[in-house]
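Single-letter residue listing:
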Amino acid sequence: MIENFNDLLDQSIQQEDAQRLLFLFAATDVVKKTKKRDEKKGTLSPVMCVDKLSSEIESFQALVAEADRITPNWDMLLVAGLSGDGDTPPTTEEAEPYLNKMVNDLSSGQDLSRYVIFDRQENPIVIQAV
């Protein structure tokens, strides 16, 4: 089970086929807080997306700093992995339709359980559609 960003990086490196990681940064709009202390309701909107090889990522904090230089207006990070062929990872061009799918899934309210989701503090997040 993935408990933090380093777990995700480690698992991507250990895959049989080389991986390219896909990142979708999203902004939250909390509509209404529920009575449960840790549960919030609201919407997510895509802000920006990028793909990177695992070797290009130093740490979660470095990824956050890089993203914040572009725009600090994001709250959640959705992550997916894309397998290559043996030692050859997918190219950025090959990743583009999958990044578009991530954006479309988020925008249209699709099931996000296929993605690993973190908040800005690297806490894993579970999102349930209502």
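Conventions used here
Residues numbered from 1 in each chain as written. Predicted model: local features only at pLDDT ≥ 70, side-chain atom pairs only at ≥ 80, totals over all residues. Heavy atoms only, no water. Helix = DSSP H or I, 4+ residues; strand = E, 2+ residues; numbered from the N terminus. Buried < 20%, exposed > 50% of the residue type's maximum accessible area, 1.4 Å probe, protein only. Contact = heavy atoms within 4.5 Å. Areas by Shrake-Rupley, 256 points an atom, 1.4 Å probe, with all protein chains shown as cover. Lys, Arg positive; Asp, Glu negative; His and termini not counted. Charge placed at Lys NZ, Arg CZ, Asp CG, Glu CD. Salt bridge = Lys/Arg side-chain N within 4 Å of Asp/Glu carboxyl O. Pairing = 2+ DSSP bridges. pLDDT = per-residue confidence, 0-100. Arc of directions from axis to C-beta. Core = buried A, V, L, I, M, F, W, Y, C linked by side-chain atoms within 4.5 Å.

Caption draft 1: Spotlight on the overall build of the protein. Helix and strand content of the protein: three helices and four strands. When the elements of the protein are put in sequence order from the N terminus, they spell out α-β-β-α-β-α-β. The principal-axis extent of the C-alpha atoms belonging to the protein is close to 50 × 30 × 25 Å. The burial tally for the protein puts 35% of its 130 residues in the buried class. Residue pairs at least 24 apart in sequence account for 68% of intrachain contacts in the protein once pairs closer than 6 positions are excluded. Of the accessible surface of the protein, which amounts to about 8300 Å², a share of 46% is contributed by carbon and sulfur atoms. Between the mean site of the 13 positive side-chain charges and the mean site of the 23 negative ones, the protein shows a separation of 15 Å.

Caption draft 2: Layout of the pattern of salt bridges. Within this structure, the stated rule accounts for four salt bridges. Put simply, E66 and K52 hold a salt bridge, and the shortest N to O gap is 3.1 Å. Of this pair, E66 sits in helix α2 (residues 60–70) while K52 is found in strand β2 (residues 40–53), placing the two residues 14 residues apart along the sequence.

Caption draft 3: The environment of L9, seen in detail. Relative to the helices and strands, L9 resides in helix α1 (residues 5–14). Judged by its relative accessible area of 7%, L9 is buried. Sequence separation of L9 and F60 is 51 residues, and the distance between their C-alpha atoms is 9.5 Å. Once residues lying within four places of it in the same chain are set aside, the contact partners of L9 are L21, S54 and I57.

Caption draft 4: Local environment of the pairing of strand β3 (residues 76–83). Of all eight residues that make up β3, six are buried, and the element is covered over most of its length. Examined bridge by bridge, β3 and strand β4 (residues 116–119) share four bridges and lie antiparallel to one another. Along β4, the bridge assignment pairs L77 with F118.

Caption draft 5: Spatial organisation of the confidence of the model for the protein. Of the residues in the protein, 91% have a pLDDT of 70 or more, and the chain-wide mean is 91. When mean pLDDT is compared element by element in the protein, helix α3 (residues 92–107) scores highest at 97, while strand β1 (residues 19–33) scores lowest at 88.

Caption draft 6: Seen up close, the side chain of S54. Residue position: S54 is located in the loop between β2 and α2. In this structure S54 comes out as buried when scored by relative accessible area, which is 10%. Contact partners of S54, with chain neighbours within four places excluded, come to L9, S12, I13, Q19 and L21.

Caption draft 7: Representation of unusual backbone geometry. Positive phi values are uncommon outside glycine, yet E122 reaches one of about 75°. Within the secondary structure layout, E122 lies in the segment after β4. Of the residues examined, E122 reaches a relative accessible area of 17% and is grouped as buried.

Caption draft 8: α2, seen in detail. Within α2, burial applies to F60, L63, V64 and A67. Axial view of α2: buried residues confined to an arc of 100°, hence all on one face. Residues of α2 that are exposed and point more than 90 degrees away from the buried face comprise Q61 and R69.

Caption draft 9: Expanded view of the nonpolar core. Counting 16 residues, the largest nonpolar core has F5, F23, F25, W74 and L77 as its most contacted members. Every element with two or more residues in this core is listed here: α1, β1, α2 and β3.

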